[in-house]
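# Observations on the model geometry
Residue strings, one per chain:
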Amino acid sequence: MNVLASCCGPCFGWETLVEEPEDTASRPQVKLDALNMGLDAVIVKNGTRVCGSGAVLASAPIMQDKAYFEVKVQSDGIWGCGVAAEQCDLNKVPTTDKSWMLTSERTIQKEGTDVESVDEICEGDVIGVTYDHVELQFYLNSNPLGNPVTGIRGKIYPILYVDESAILDVEFVHFRNMPPSGFGQIMFEQNIL
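What comes next is a walk through the structure. Everything quoted here is computed from the prediction, not taken from an experiment.

## Comments concerning the pattern of salt bridges
- Applying the stated rule across the entire model yields two salt bridges.
- In this structure, the salt-bridge partner of Asp169 is Arg49, at a minimum N-O distance of 2.6 Å. Pair noted here: Asp169 is in strand S13 (residues 167-171) and Arg49 is in strand S3 (residues 49-58), with a separation of 120 residues, a long-range link.
- Look at the salt bridges and you will find they share partners, linking Lys45, Arg49 and Asp169 into a network.

Below, the structure is given as structure tokens:
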């Protein structure tokens with residue numbers, strides 16, 4: 001009957017819904033991008049850890065309305081995480097141009113200018129980052145950290161930078177903390193020719 005319904009169904013108005021399982025293993029995943037990193041930055045752990053010295057962008061921009069990702073401080077040093085435009089200087093640490101960051105200096109920065117001081121962040125802490133094309137908000141172990149950053153325009157990517165033995169891990173899918181309501185993983189959009 002299923003063969004008959006699939007062959008003749010559309011002609012006679014019979015509709016059969018046959019769901020095929022989605023192959024998520026073959027779908028591209030967002031990770032740190034080896035093509036968009038500082039010369040002395042090092043990416044390891046299948047694109048989820050940055051060490052060395054420099055900055056690195058994620059492999060996909062934030063296109064959806066409400067995106068979330070997490071950064072774990074594995075080893076302290078000089079570091080920062082947040083969002084940046086593609087034109088950001090990835091060899092400069094800390095990044096200042098075209099970037100909006102939470103830094104190891106306990107500050108939230110807008111293009112290199114401190115806008116707010118925050119509580120101390122230690123090794124092992126997990127920083128959540130939400131961005132909805134209006135506000136950038138940081139979370140420390142699920143608790144809001146500072147005030148939202150506004151005024152960010154254009155095509156924006158997640159960014160991490162490290163120096164002086166800092167190591168950061170990033171997670172774009174399997175979060176340690178529950179994202180705020182309505183926020184979810186960054187979607188990887190393939191270019192369709």
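## Section: the side chain of Thr107
- With respect to the helices and strands, Thr107 occurs in strand S7 (residues 107-110).
- A distance of 2.8 Å separates a polar atom in the side chain of Thr107 from a polar atom in the side chain of Thr103.
- With residues up to four places along the chain from it excluded, the contact list for Thr107 reads Met101, Leu102, Asp114, Glu116, Ser117 and Val118.

## Observations regarding the pairing of strand S10 (residues 135-140)
- For S10, the tally of buried residues reaches five of six residues, placing the bulk of the element in the interior.
- Sheet analysis places strand S9 (residues 126-131) next to S10, joined by five bridges and oriented antiparallel. The residue of S10 that forms the bridge with Thr130 is Gln137.
- A loop of three residues connects S9 with S10, the two strands running antiparallel in sequence, and His133 in this loop sits at a positive phi of about 70 degrees.
- Both S10 and strand S11 (residues 143-150) contribute to a ladder of five bridges, which runs antiparallel. The residue bridging Phe138 from the neighbouring strand is Leu145, located in S11.
- In this antiparallel pair of consecutive strands, S10 and S11, the connection spans two residues, and Asn141 shows a positive phi of 50 degrees.

Rules and cut-offs
Residues numbered from 1 in each chain as written. Predicted model: local features only at pLDDT ≥ 70, side-chain atom pairs only at ≥ 80, totals over all residues. Heavy atoms only, no water. Salt bridge = Lys/Arg side-chain N within 4 Å of Asp/Glu carboxyl O. Helix = DSSP H or I, 4+ residues; strand = E, 2+ residues; numbered from the N terminus. Polar contact = N/O pair within 3.5 Å; in protein donor to acceptor, adjacent residues only side chain to side chain. Contact = heavy atoms within 4.5 Å. Buried < 20%, exposed > 50% of the residue type's maximum accessible area, 1.4 Å probe, protein only. Pairing = 2+ DSSP bridges.

So far we have only geometry, and geometry alone does not tell us how the molecule works.
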